[in-house]
Amino acid sequence: MTQYDLIVVGAGPAGMSMATVCAKSGMAVLLLDEQPRPGGQIYRAVTKSRLAESNILKQDYWRGSELAAALKCDNLTYIPYARVWYARPTGDIWFSVADQPEGVSAKHLAIAVGARERPIAVPGWTLPGVFSVGAAQILLKSAGLVADYPVLAGSGPLLYLVASQYLAAGKKIKALLDTTPLSNYHAAIKALPASLFHSQLYKGLRLLRDIRLAGVPVHNGVSDLQIGGSAFVQEVSWKQSGKTHHLDCETVLIHEGLVPNVEFALALGCEWSWSPERVAWEINVSAEGRTSLSSVYAVGDCARIVGADASELQGRLAGLDLVRRATGNQQSELEQSLMRDLNKHMRLRRFLDRLYLPADRNIVMNEPSTVVCRCENVTIETLIPLIESSQGNLDSVKSHSRCGMGPCQGRMCSHSVAALARARGVPACAPSRQRLPLTPITLKELAAVEDSK
Ligand SMILES: Cc1cc2nc3c(=O)[nH]c(=O)nc-3n(C[C@H](O)[C@H](O)[C@H](O)COP(=O)(O)OP(=O)(O)OC[C@H]3O[C@@H](n4cnc5c(N)ncnc54)[C@H](O)[C@@H]3O)c2cc1C
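Here the structure is a predicted model, which is why all the values come from computation and not from measurement. (Residues numbered from 1 in each chain as written. Predicted model: local features only at pLDDT ≥ 70, side-chain atom pairs only at ≥ 80, totals over all residues. Heavy atoms only, no water.)

This part is about the domain arrangement of the protein. Size of an interface: often given as the accessible area lost when the parts come together. As assigned here, the protein comprises domain 1 (2-116 + 259-329), domain 2 (120-256) and domain 3 (366-453). Each of domain 1 and domain 3 has a C-alpha centre, and the two are 26 Å apart. The contact between domain 1 and domain 3 buries some 2100 Å² in all, and 71% of this surface belongs to carbon and sulfur atoms. Per-residue buried area on domain 1 facing domain 3 is highest for Trp85, Glu263 and Trp281; these three make up 34% of the total on that side. The tally of links between domain 1 and domain 3 comes to one salt bridge. Across the pair Arg83 and Glu445 runs a salt bridge, and its minimum N-O distance is 3.0 Å. Where domain 1 meets domain 3, there are six residue pairs in polar contact (both at pLDDT 80 or more). (Domains from an automatic or database assignment. Buried area = accessible area lost by both parts, 1.4 Å probe. Salt bridge = Lys/Arg side-chain N within 4 Å of Asp/Glu carboxyl O. Polar contact = N/O pair within 3.5 Å; in protein donor to acceptor, adjacent residues only side chain to side chain.)

Now for the packing of helix α4 (residues 157-168) against helix α6 (residues 199-213). The geometry of a pair of packed helices is captured by two quantities: the angle between their axes and the separation between those axes. Where α4 contacts α6, the two axes come as close as 10 Å, and the packing angle between them is 50 degrees. Accordingly, the angle class assigned to the pair α4 and α6 is oblique. In this structure, the crossing between α4 and α6 has a hand that is left-handed. Taking contact as the criterion, the partners of Tyr160, Leu161, Ala163, Ser164 and Leu167 in α4 are, on α6, Leu207, Leu208, Asp210 and Ile211. Its residues assigned to classes, the contact of α4 with α6 comprises seven nonpolar, one polar and one charged. (Axes fitted to C-alpha atoms, helices over the stretch in contact; angles between N-to-C directions. Helix = DSSP H or I, 4+ residues; strand = E, 2+ residues; numbered from the N terminus. Parallel < 35°, antiparallel > 145°, perpendicular 65-115°, else oblique. Left-handed = near helix turned anticlockwise from the far one by under 90°. Contact = heavy atoms within 4.5 Å. Nonpolar A, V, L, I, M, F, W, Y, C, P; charged D, E, K, R; others polar.)

We now examine the site of the ligand. Around the ligand, the surrounding shell holds 31 residues, and the nearest of these are Ala14, Asp33, Gln41, Gln137 and Asp301. One nitrogen or oxygen atom from the main chain of Glu34 is found 3.1 Å from a nitrogen atom belonging to the ligand. When the free accessible area of the ligand is taken as 980 Å², the share hidden by the protein chains comes to 89%. Counting residues per element, the ones that place at least two in the shell around the ligand are α1 (13-24), β4 (83-87), β7 (115-117), α3 (133-143), α4 and α8 (308-327). Here the shell around the ligand takes three residues from α3, the largest share from any one element. A per-class count over the shell around the ligand returns 14 nonpolar, 11 polar and six charged. Two domains each donate at least three residues to the shell around the ligand, and these are domain 1 (2-116 + 259-329) and domain 2 (120-256). (Near = heavy atom within 4 Å. Areas by Shrake-Rupley, 256 points an atom, 1.4 Å probe, with all protein chains shown as cover.)

Following this line, the structure appears as structure tokens:
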């Protein structure tokens, strides 16, 4: 096994910045990512974008080119297409490139595997023609593809960002259904003064203005979203001010915010907590990304949703922290200044978290035949009696229903099951137990591990 000082999993802003800082200080660093190119979610495909000549993805997107260019430095090995499926806190890692496994080892491990969209289980969400907003953006960034005349439904900054990117691409939007509870606006105002001078706040306000000026019909205070159709999407319906509305459409893009990809850190045994402020399981980390395990860092959105700029700052801080641990030096002025910048971002984040706190009824709707686990086709009516007798134990719900036993291993449905439990007053759920391998692997890959030993 090749030995490194640090292995970083995930080449988004957090992973790229931590890997670069450590490599520049002389550490031997390996950076692994399953994607073909560096960038993570926000800077996906930035080094080979089909949209390089256009302004569709806006100025912020191109910051990713600088981070990706910085990876070309001494001591840093970056391997794309590298899907990490086994990791131990001792630093042993197994990953596969084109189904060919390889084992590596390091003194320190940094998890920078980012976030995913919060799964939503509303009637009709499994129909062809329904995408998540993030999936639509992945098509746009990686292939320059856009859906025709979609309805966008949900809540959170990404919903509005993708709406504006669609408009910049010359596409029309049929309607934007905003499910942000109206009470959130009132509650968020208290957190506004602390973030008043943050430039991202004004960028966000400009997005909202541009979408209105483009004539997109925006409906606020939407609830009870349902997507109708037999073989594919034919209509969307919702409630607003006590009335039910219908709209014919063929494509619906849904989104209710992001949740951290905690499974990697959980499988290693890192401590976690449940955040009612962000309705998500999170990994307990210090500001520099140290987890409860001394050899493991968790940086960026995989520990807690902080956004792209803060993820990059956390990556740099984690890198400097690791370098400093080796030397025993005091925190430098640079670190103190980065920490101040990070705190500024976190003040804005508190406002965004409060404004876009999702309502459980928008994450999973109480309609018995709605599918929650699409891998094993488990519906709400099967789950409810099991949840009510589970005392908040997701593993018991899983073993009695098979919900979470399919290829996604609960990454999609566990949030919906937890939302159903909360709505029934069942005590706070622990995330279900994570087992290795972290992603599905083939028997051929396992056999190749044996051969390579
Ligand atoms: C679909 C989607 C779209 C988004 N678009 C935007 C946007 O346009 N603008 C914005 O401001 N924010 C966006 N965000 C939020 C954004 O992800 C971040 O705030 C930022 O990218 C977080 O950086 P990160 O480095 O923590 O993680 P990420 O950028 O998510 O990078 C994580 C990386 O880890 C890799 N990875 C994960 N698991 C493994 C594994 N097992 N093996 C190997 N590699 C692995 C992934 O391939 C990915 O490249 C988006 C989020 C999502 C989910």
